[in-house]
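Listed below are the residues making up each chain.
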Amino acid sequence: MKIKYFAWVRERIGVAEEDITLPDDVETAGDLIRHLKARGDGYAWALAQDKFVRVAADQKHVTHGVSIRGASEVAIFPPMTGG
Amino acid sequence: MPSPSALAKLRIAVLPERLDANDWLATMETDPDTGAVASFLGICRADGGTLQALELEHYPGMAEAEMSRIAEEARRRWPITSILAVHRTGMVNVGEPIVLVAATSSHRAAAFDAVRFVMDFLKTDAPFWKREHLANGTVGEWVEANTKDDAARDRWTADGG
């Protein structure tokens, strides 16, 4: 699965995007965040406030309880500050 | 006369360079029943002289899709005849525009409401992020999301829009 990161989530993790093969027990957006947090210090730092970060599956906002299985692209980013 | 493509009723753009509000507003569709053009222009402010510029990052593809979705929703809610949303990315210096939203309608209320609605949702739902560049030449912090923005958005659902 292609995963993209933006703003300070991207900076803390250290890459803008990557391809990750997910284990079977990763079903929801929240599962993905928990899985990524265990990948290293940068991930743990970026995702420390895990309830706070936002997730989009195939470029649509999803809440953490929503399944991301089958999405071709998932993005993780801070609350938005445009406008 | 504007070209036919400039007469599209819903236009969205993400611009990596200068946003000229007058140029964009000049392309707004009007017809004999148009009685109102309302617009909002958001500008990078100096924040008491501490800020030199804002650097805007966006999620290409999703930013445009969310702006379209929000503008479509405005078009569904109010009898507007056209709507425009334009947002900058990259470096925006103090005094330069960041975002322009405009709508046309027969009467002013629909155009005013549609513009405000699009701005309120754009703030919280369109994937853009601002980072500060300070007047002292250093790179500042990422701007934190403001709970007032969530409240402004939620007002549209809490009172039934």
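Above this text sits the structure in question.
Residues numbered from 1 in each chain as written. Chains lettered and ligands numbered in written order. Predicted model: local features only at pLDDT ≥ 70, side-chain atom pairs only at ≥ 80, totals over all residues.

A.B. asks: Tell me what's going on with the overall build of chain A, and back it up with residues and numbers.
C.D. replies: Counting its regular elements, chain A contains three helices and five strands. The N-to-C order of helical and strand elements in chain A reads β-α-β-α-α-β-β-β. Computed over C-alpha atoms, the radius of gyration of chain A comes to 12 Å, within 12% of the 12 Å expected from 2.2 N^0.38 for 83 residues, which places it in the range of a compact globule. Taken along the three principal axes of its C-alpha coordinates, chain A extends 30 × 30 × 20 Å. Taken over 83 residues, chain A has a buried fraction of 37%. Relative to all contacts within chain A whose residues are 6 or more apart in sequence, the contacts with residues 24 or more apart total 51%. (Helix = DSSP H or I, 4+ residues; strand = E, 2+ residues; numbered from the N terminus. Rg over C-alpha atoms; globule rule 2.2 N^0.38 Å. Buried ≥ 20, exposed ≤ 12 C-beta atoms within 10 Å, placed from the backbone. Contact = placed C-beta atoms within 7 Å.)

A.B. asks: A description of unusual backbone geometry should follow, citing residues and the corresponding values.
C.D. replies: Backbone geometry follows two general trends: most residues other than glycine have a negative phi, and most peptide bonds adopt the trans configuration. Residues and elements named next belong to chain A. You will see that Asp58, though not glycine, has its phi angle at about 50°, which is positive. Along the polypeptide, Asp58 turns up in the loop between strand S3 (54-57) and strand S4 (60-62). C-beta crowding within 10 Å serves as the criterion here: with 15 such atoms nearby, Asp58 is assigned to the partly exposed category. Unusually for a residue other than glycine, Gln59 sits at a positive phi of about 70°. Residue placement: Gln59 occurs in the loop between S3 and S4.

A.B. asks: Give a detailed account of the sheet that holds strand S1 (residues 2-5) of chain A, specifying residues and quantitative values.
C.D. replies: Residues and elements named next belong to chain A. Read across the open sheet, the five strands follow the order S2-S1-S5-S3-S4; overall the sheet is mixed. The open sheet is flanked by strand S2 (17-19) and S4, the only strands paired with a single partner. Across the sheet, the axes of successive neighbouring strands diverge by a mean angle of 25°, strand direction being ignored. Bridging between S3 and strand S5 (residues 73-77) involves four bridges; their strand directions are antiparallel. From the neighbouring strand, Ala57 faces S5, where its bridge partner is Val74. (Pairing = 2+ DSSP bridges. Axes fitted to C-alpha atoms, helices over the stretch in contact; angles between N-to-C directions.)

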